[in-house]
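# Structure at a glance
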Amino acid sequence: MNPSRVLVNRHTLSSKIAIPLALCLLLAIPTLPFWAPSGQIRLVIELSCFIAIAQMWNLLAGYGGMVSVGQQAFIGAGGYSLFALSSFAGLNPFLAVPLAIILPAVLAAPSYLLLRKLDGPYFAIGTWVLAETFRLITNNLDVVNAGSGMTLRAMGSFTPHQREIGLTVLCALLLLVTVGGTFLLLRSRLGLALTAMRDDPVSAASQGVNVNRMRFAIYVVAAMGTGLAGAIYYMAQLRISPTSGFDPYWSSICIFIVMVGGIGHIEGPIIGALLYFFATRIFGQYGASYLVVLGVLTMVMALFSPTGLWGILNRIRHWPWFPVSHTVVRPDTVQH
Amino acid sequence: MKWIDAIIQGLLLGGLYAQYAIGMSLMFGVMRIVNIAHGDLVVLLALIGISAAVAFGLGPGFVILLLVPVGALVGWVLQRGILNFVVGEDPLPSLIATFGLSLALQNFMLTIWSADTRSLNIGPLALQSVNVGGLHAGVLPIIIFAVAVGLTALLDIVLKSTRFGRGLRAAAADKDAAVLSGVDTKSIYAQATAVAVAILGIAAVFQAARTTVSPSDGGAQLIYAFEAVIIGGMGSIWGAFAGGLILGVAQVVGAYVNPSWGILIGHLVFLLVLIFRPQGLMARQ
Amino acid sequence: MTTTPLLSARRLSASYGDFQALFSVDFDIATGEIVALIGANGAGKSTMLKTFVGLVAMRDGEVRFDGHDVSRMPAHKLPANGLALVPEGRRLFKGMTVEDNLRVAGDRARAIWSGETPWTLERLYDLFPILGERRNQQVEKLSGGQQQMVAIGRGLMTQPKLLLCDEISLGLAPKVIGEIYEMLPIIRQTGTAILLVEQDVSLAQKSSDRVFCMLEGRITLTGKSTDLTREAIAEAYFGAKHEMD
């Protein structure tokens, strides 16, 4: 077979449909304030934040091989950054949101260097201890109101409609950066290195992949993405407190979404987030019983189908929305 | 004198943390599994113990006698029913499975026992104290400490000198070779988890006796167990014991300095150990 | 002899995933025999041993040991039935002492009948005196040859009727190999049959009663060690007629 007559396919039919569709949906989000009821807008904002946070957890665990049960550390850090920048530096909160990734990044770097000395499962609990440490420090910090939490007063200078526009634009950008960014990353040469590292770190290292540096980078990037989502989430809430911002339940959400949706693929967390979202809307009223079911589902998935719902769907039909692999085809077999 | 009082209280509290930690150290050392529901199991056993004590008018001694076999059974079922499927190289499935279990267990306890805090009534024992040369110590904490020493020593002897202990260490060193020597790994792992959770049954009684218990306490207990194991050094039962003591001292002395800092100081000591001696204080390096 | 063999395998096939390693192999060994299994790397020798003890799954065929069908027996029950494997690469329990390594196996040994003299720690230390001297040392500290002795001792502590030895000479100096192979007849005298997987053909021939040769997952030659010629073995080993000059 003459090499120059070989094609490399990066897209499939399914992705040629899915990606433009996704972009349309993304562009539609900032239009919501003009035609959708406020209640639904709030739901979309919440869902966007869940998807973003889950994608970051997926990047950490599915590609970096680092399971974290402490991402709430960065949700709280991002949220409090925003509130602090707005209250103390007088910044316009909408402009302050992108700056809210700084503190999570600054915290993440030394955190990783510390935590990487711990073995797999102990690494996970270590991330939780870190989150608890942040929570306790914040709880004792009078400058941010300690346990009572902070309010985003600056939002009062905007009308509800203006707030909605700002938030929906930020959500669209959030999804673009986290989902889109992950997609582009995984399709790049860096992404190839990441996948190699995920599959076999030792072999990857022997091929020149700097595993340590990569893990460090992933940890910090995931912290930034998570912090960004946290800032937007709490901006919509208008209030933040140590108990809510650093709530371990955030980790339960991440883990359920990614494990049930499907780890290691971009599509998985999206499916998982939708599932979690609607399930909570419908069954959340049952309180603790519903959470028992969530926990059991997570456990069952981990035991019997670690690749989640998307993994099952993928085995039936390989129709990726966001394909990251290369397929080699001979030109005469390409279908039109 | 106050400082010494605080240190002694810390050591005695550490005895309880040691009881949490030795079971976790056993499970990780043998199976490389960390059970995220570890703390929730303590809470579950404590609540069962309290309910039984109230329903049948049992004293704390009887509650211990009840909870040890109950704990062993729970541990055995946990291993055979869930954890045996996730023993292996990849830590992700066991982490996530036990995480899901933790979430389910906490909320299950909430539905049965509600969020009310409860405690185990141990009568006058709760208030008795001894006075040695100007230093006060509660009788209950002393008992907890003594039991911790006893359990640690017992577990250490079991691991070093019994058929079960040898088989367990062999399975931890090389699973396939252990099978070739006749070790039934599935069964021995279940026995190990049964032992670990039986110990938690004892710890549960002490926790319920010395303070209140509620379904959402599990997370904190897990973190204390974990910090104790890391501070003391992985792979050593006496290390976990020592780590528990150090954590207890850190927390109590921290609270003595500032009442709202106790637990935070514990976390900071843990982080310091991670920075300067990550293999643990009792490790041989 | 028309007595039933101690171990017999019929139409044994085994695979690693998609790769088939054994093709309908027939094999047998009698009580008290020493049989050598030779063949190039990848011929399937280790795989056959691992299939006997259940470490590799059987795809087809049957294995009978001491009168029972053990094809589906869980691997950990075999030592109690008298079948022990000294694994390739020794696989000792690191972090444990010599004595503890031996005791783990001894704890789960076959129940011996009256009239049999069991393998005890003392008997093993008589056979391998250096182990007696180092009984409380951690096994990682021992030399290669000493570790091999521990591995063999661990197999013996289960009171085996058949001891499977997978490449016990690997990585050892010739003098040490000699010392270990001198033990084999002594072990056989106690009634234990031995199956040797061995790379060194002449050593295998000298040390055994019968030889099986394997190539690419099949048995290509079998016969009494004293009867087989160099030419026959070379052909069976490499799979082609060789011009010998």
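To start, this report covers the structure provided alongside it. (Residues numbered from 1 in each chain as written. Chains lettered and ligands numbered in written order. Predicted model: local features only at pLDDT ≥ 70, side-chain atom pairs only at ≥ 80, totals over all residues. Heavy atoms only, no water.)

## Considering the overall build of chain A
Along chain A, the regular secondary structure elements total 15 helices and four strands. The C-alpha radius of gyration of chain A comes to 21 Å, within 12% of the 20 Å expected for a compact globule of 336 residues. Dimensions of chain A, computed from C-alpha atoms along their principal axes, come out at roughly 70 × 50 × 40 Å. By the burial criterion, 52% of the 336 residues in chain A qualify as buried. Contacts spanning at least 24 positions in sequence make up 80% of the contacts within chain A whose residues lie at least 6 apart. (Helix = DSSP H or I, 4+ residues; strand = E, 2+ residues; numbered from the N terminus. Rg over C-alpha atoms; globule rule 2.2 N^0.38 Å. Buried < 20%, exposed > 50% of the residue type's maximum accessible area, 1.4 Å probe, protein only. Contact = heavy atoms within 4.5 Å.)

## A closer look at the overall build of chain C
Within chain C, the regular secondary structure consists of nine helices and ten strands. For chain C, whose C-alpha radius of gyration is 18 Å, the value lies close to the compact-globule estimate of 18 Å for 245 residues. Along the longest, intermediate and shortest principal axes, the C-alpha atoms of chain C span 50 × 40 × 40 Å. Among the 245 residues that make up chain C, the fraction classed as buried is 52%. Of the contacts made within chain C by residues no fewer than 6 positions apart, 68% connect residues no fewer than 24 positions apart.

## Brief notes about a nonpolar patch on the surface
Residues and elements named next belong to chain A. On the surface, L91, L99, I102, L103 and V106 cluster together into a nonpolar patch covering about 390 Å² of accessible area. No other element matches the three residues that helix α5 (residues 102-115) contributes to the nonpolar patch. With respect to the element layout, L91 can be found in the loop between α3 (72-88) and α4 (93-99). (Patch = residues over 30% accessible without salt bridge, like charges linked within 9 Å, V, L, I, M, F, W, Y side chains within 5 Å. Areas by Shrake-Rupley, 256 points an atom, 1.4 Å probe, with all protein chains shown as cover. Salt bridge = Lys/Arg side-chain N within 4 Å of Asp/Glu carboxyl O.)

## Observations concerning the sheet that holds strand β2 (residues 19-29) of chain C
Residues and elements named next belong to chain C. In spatial order, the strands read β2-β1-β4-β5; together these four strands make up an open sheet with antiparallel pairing. The open sheet terminates on both sides in strands that have one partner only, identified here as β2 and β5 (68-69). Two strands pair when backbone bridges link them, and strand β1 (residues 7-16) and β2 are joined in this way by seven bridges, in the antiparallel orientation. Each residue of the ladder has a partner; that of L7, found in β2, is I29. (Pairing = 2+ DSSP bridges.)

## Quick notes on the interface of chain A and chain B
In this complex, chain A contributes 39 residues to the contact, which on the side of chain B involves 41 residues. Interface of chain A and chain B: buried area, both sides summed, is about 3,600 Å²; carbon and sulfur atoms make up 85% of it. A per-residue breakdown of the area chain A buries against chain B is headed by P121, Y122 and I125 of chain A, which together make up 18% of the total. Linking chain A with chain B are zero salt bridges, by the criterion used here. (Buried area = accessible area lost by both parts, 1.4 Å probe.)

## Topic: helix α1 (residues 13-28) of chain A
Residues and elements named next belong to chain A. Counted at 1.5 Å a residue, the expected span for α1 with its 16 residues is 22 Å, and the 23 Å between its end C-alpha atoms agrees. For α1, the complete set of buried residues consists of S14, S15, A18, I19 and L26. When α1 is viewed along its axis, its buried side chains cluster within an angular range of 110° and face the same direction. Residues of α1 that are exposed and point over 90 degrees away from its buried face: L13, K16, I17, L21, C24 and L27. Looking at the buried side of α1, the elements it contacts are α7 (160-187). (Expected span 1.5 Å × (residues − 1). Arc of directions from axis to C-beta.)

## Observations concerning the pattern of salt bridges
Within the structure shown, the criterion is met by 17 salt bridges over all chains. Of the charged contacts in the structure, one is a salt bridge between E116 of chain C and R110 of chain C, with a shortest N-O distance of 2.8 Å. You can call E116 of chain C partly exposed: its relative accessible area is 33%. Assessed through its relative accessible area of 9%, R110 of chain C is described here as buried. Shared partners join several salt bridges into a network, and the residues in it are R166 of chain B together with D107 and R108 of chain C.

## Comments concerning unusual backbone geometry
With a phi angle near 70°, L238 of chain A is a residue other than glycine that sits in the positive phi range. Relative to the helices and strands, L238 of chain A resides in the loop between α10 (211-237) and β3 (239-240).

## Things to note about the packing of aromatic side chains
According to the stated counting rule, one finds 29 aromatic pairs over all chains in the structure shown. With a centroid separation of 5.6 Å and an interplanar angle of 70°, the aromatic rings of F50 of chain A and Y276 of chain A are classed as edge-to-face. In this pair, F50 of chain A sits in helix α2 (residues 38-63) while Y276 of chain A sits in helix α13 (residues 267-283), placing the two residues 226 residues apart along the sequence. For Y276 of chain A, a relative accessible area of 4% corresponds to the buried category. Taken together, a centroid distance of 5.8 Å and an interplanar angle of 40° make the contact between F27 of chain C and F52 of chain C tilted. Pair noted here: F27 of chain C is in strand β2 and F52 of chain C is in helix α1 (residues 45-52), with a separation of 25 residues, a long-range link. For F52 of chain C, a relative accessible area of 2% translates into the label buried. Each member of the aromatic cluster is reached from another via a ring pair, and the members are F50, Y233, Y234, W250, F256, Y276, F277 and F278 of chain A. Above the ring of W119 of chain C, the side-chain terminus of R123 of chain C is found at 4.1 Å from the ring centroid. It is R218 of chain C that lies over the ring of F23 of chain C; its NZ or CZ is 4.1 Å from the centre. (Phe/Tyr/Trp six-rings, centres within 6.5 Å; stacked < 30°, edge-to-face > 60°. Lys NZ or Arg CZ within 6 Å of the ring centre and 35° of its normal.)

## Some points on helix α4 (residues 91-113) of chain B
Its 23 residues place the ends of α4 of chain B 32 Å apart at the C-alpha level, agreeing with the 33 Å of an ideal helix rising 1.5 Å per residue. Following α4 of chain B by one or two positions, S114 of chain B has its phi on the positive side, about 60°.

## Side note on the arrangement of the chains
Contacts are most numerous between chains A and B, taken over all two pairs of chains that touch. For the non-touching pair chain A and chain C, the nearest C-alpha separation works out to 19 Å.

## Some remarks on the nonpolar core
Ranked by internal contacts, the top residues of the largest apolar core, which has 200 residues, are W57 and Y219 of chain A. With residues near it in sequence (within four places) discarded, W57 of chain A still touches G62, V67, S68, Q71, C254, I255, V258, M259 and I263 of chain A together with I96 of chain B. By size, the runner-up hydrophobic cluster in this structure holds 35 residues, among which are L92, Y181, I187 and I194 of chain C. (Core = buried A, V, L, I, M, F, W, Y, C linked by side-chain atoms within 4.5 Å.)

## Focus: the interface of chain B and chain C
Across the contact, 18 residues belong to chain B and 19 residues belong to chain C. Counting the surface lost from both chain B and chain C, the interface buries some 1,800 Å², and carbon and sulfur atoms represent 58% of this. Interface area lost by chain B to chain C is led by R166, L180 and S181 of chain B, which between them contribute 37%. Sorting the residues of the side of chain B that touches chain C by element identifies α6 (163-173) and α7 (175-180) of chain B as the ones contributing at least two each. In terms of residues, the side of chain B that touches chain C owes the most to one element, α6 of chain B, which gives six residues. Residues of the side of chain B that touches chain C, tallied by class, amount to eight nonpolar, three polar and seven charged. (Nonpolar A, V, L, I, M, F, W, Y, C, P; charged D, E, K, R; others polar.)

## Some words on the pairing of strand β2 (residues 135-138) of chain B
Residue and element names in this part refer to chain B. One ladder, built from four bridges, connects strand β1 (residues 129-132) with β2; its direction is antiparallel. The residue bridging N131 from the neighbouring strand is H136, located in β2. Between β1 and the antiparallel strand that follows it, β2, lie two residues; G133 among them carries a positive phi value of about 55°.

## Some thoughts on the side chain of Q146 of chain C
Checked against the element boundaries, Q146 of chain C lands in helix α6 (residues 144-156). A polar contact is formed between the side chain of Q146 of chain C and the backbone nitrogen of S143 of chain C, at a distance of 3.0 Å. (Polar contact = N/O pair within 3.5 Å; in protein donor to acceptor, adjacent residues only side chain to side chain.)

## Some remarks on the sheet that holds strand β6 (residues 83-86) of chain C
Residue and element names in this part refer to chain C. One open sheet holds the six strands; their spatial order is β6-β7-β8-β3-β9-β10, and the pairing between them is mixed. With partners counted over all chains shown, the strands left at the sheet margins are β6 and β10 (218-224), one partner each. Taking the axes of each pair of neighbouring strands and ignoring which way they run, one obtains an average angle of 15° across the sheet. Where strand β9 (residues 210-215) and β10 come together, six bridges link them in antiparallel fashion. For R210, the partnering residue across the bridge sits in β10 and is K224. Lying over the sheet, helix α7 (residues 174-189) contacts β3 (34-39) and β8 (193-197), oriented at roughly 150° with respect to β8. (Axes fitted to C-alpha atoms, helices over the stretch in contact; angles between N-to-C directions.)

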